[in-house]
Amino acid sequence: MATIFQKIIDKQIPADIVYEDDQCLAFRDINPQAPTHVLVIPKREIKSIDALSPSDGPLIGHLFVVVRQIAQQLGLSDGYRTVINCGRDGGQSVDHIHIHLLAGRSLSWPPG
Ligand code: AMP
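Just so it is clear, the structure is predicted and the values come from calculations on it, not from any experiment.

Student: Go over the overall build of the protein, please, and point to the residues and values.
Tutor: Scanning the protein from terminus to terminus reveals three helices and five strands. Radius of gyration (C-alpha) of the protein: 14 Å, near the 13 Å computed for a compact globule of 112 residues. In the protein, of all internal contacts separated by at least 6 residues, the share reaching a separation of at least 24 is 54%. Counting every atom, the protein has about 6700 Å² of accessible surface; 52% of that belongs to carbon and sulfur. Looking at the protein, you have 10 positive and 12 negative side-chain charges, and the mean spots of the two groups are 3 Å apart.

This is how it looks when you write it as structure tokens:
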């Protein structure tokens, strides 16, 4: 069954898209945990970090280059945090790998 993110990629459900290219899509999280909360996802479904293979390296690298581009685009000059949750204990709720980009407030450490 298609994940919610696959439906966003396929434009079956709407999203507030901030960036798109042939390899990836970035859109605002529907339940933001910071004033800026964007999700960056590959268009090709990879379930999680655990499902990565060595050949996925360039794609994952591209996602981080896109994070930097979005940070510049959104003027996140005071800094930001990237998070990738993996699996149940990691807090992953959607089985399509995604980078959370969080910014706009001072983020505490360690995470809960
Ligand atoms: P994770 O818990 O790391 O798997 O993150 C999944 C994220 O997807 C959560 O922060 C959700 O708020 C977000 N999310 C779920 N459905 C949507 C949606 N339709 N549009 C945007 N973000 C979503």
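Student: Go over unusual backbone geometry with me, naming the residues and quoting the values.
Tutor: Across the junction of Trp-109 and Pro-110, the peptide omega takes the value 0°, indicating a cis bond. Mapped onto the elements, Pro-110 comes out in the segment after strand S5 (99-103). Positive phi outside glycine occurs at Lys-11, with the angle close to 60°. With respect to the secondary-structure elements, Lys-11 resides in the loop between helix H1 (4-9) and strand S1 (17-20).

Student: Pulling in residues and values, what's your account of helix H2 (residues 57-73)?
Tutor: Given 3.6 residues per helical turn, the α-helix brings residues three or four places apart onto the same face. Its 17 residues place the ends of H2 24 Å apart at the C-alpha level, agreeing with the 24 Å of an ideal helix rising 1.5 Å per residue. Among the residues of H2, Leu-59, Ile-60, His-62, Leu-63, Val-66, Val-67, Ile-70 and Ala-71 are the ones counted as buried. Residues of H2 that are buried make contact with S1, strand S2 (24-28), strand S3 (36-42), strand S4 (81-83) and S5. The first or second residue beyond H2 is Gly-75, which carries a positive phi of 70°.

Rules used in this analysis
- Sequence order sets the numbering: in each chain, residues are counted from 1 along the sequence as written.
- Thresholds applied to this predicted model are a pLDDT of at least 70 for local features of residues and 80 or more for the giving and counting of side-chain atom pairs; totals over whole chains, interfaces and linings are not thresholded and use all residues.
- Only hydrogens and water are set aside; all other atoms, that is, all heavy atoms of the structure, feed into the side-chain values.
- Strands here are runs of E lasting at least two residues and helices are runs of H or I lasting at least four, both read from the DSSP assignment and numbered beginning at the N terminus.
- The quantity called the radius of gyration is restricted to C-alpha atoms. Its globule counterpart is 2.2 Å times the number of residues to the power 0.38.
- Residue contacts are defined here by distance: any two heavy atoms, one from each residue, within 4.5 Å place the two residues in contact.
- Per-residue accessibility takes into account occlusion by the displayed protein chains alone, with areas from the Shrake-Rupley method and a 1.4 Å probe.
- Neither His nor the chain termini are counted; the positive set is Lys and Arg, and the negative set is Asp and Glu.
- To locate a charge, the coordinates of NZ of Lys, CZ of Arg, CG of Asp or CD of Glu are taken.
- To estimate the expected span of a helix, subtract one from its residue number and multiply by 1.5 Å.
- Burial classes follow relative accessibility: with a 1.4 Å probe on protein chains only, a residue under 20% of its type's maximum area counts as buried, one over 50% as exposed, and anything between as partly exposed.

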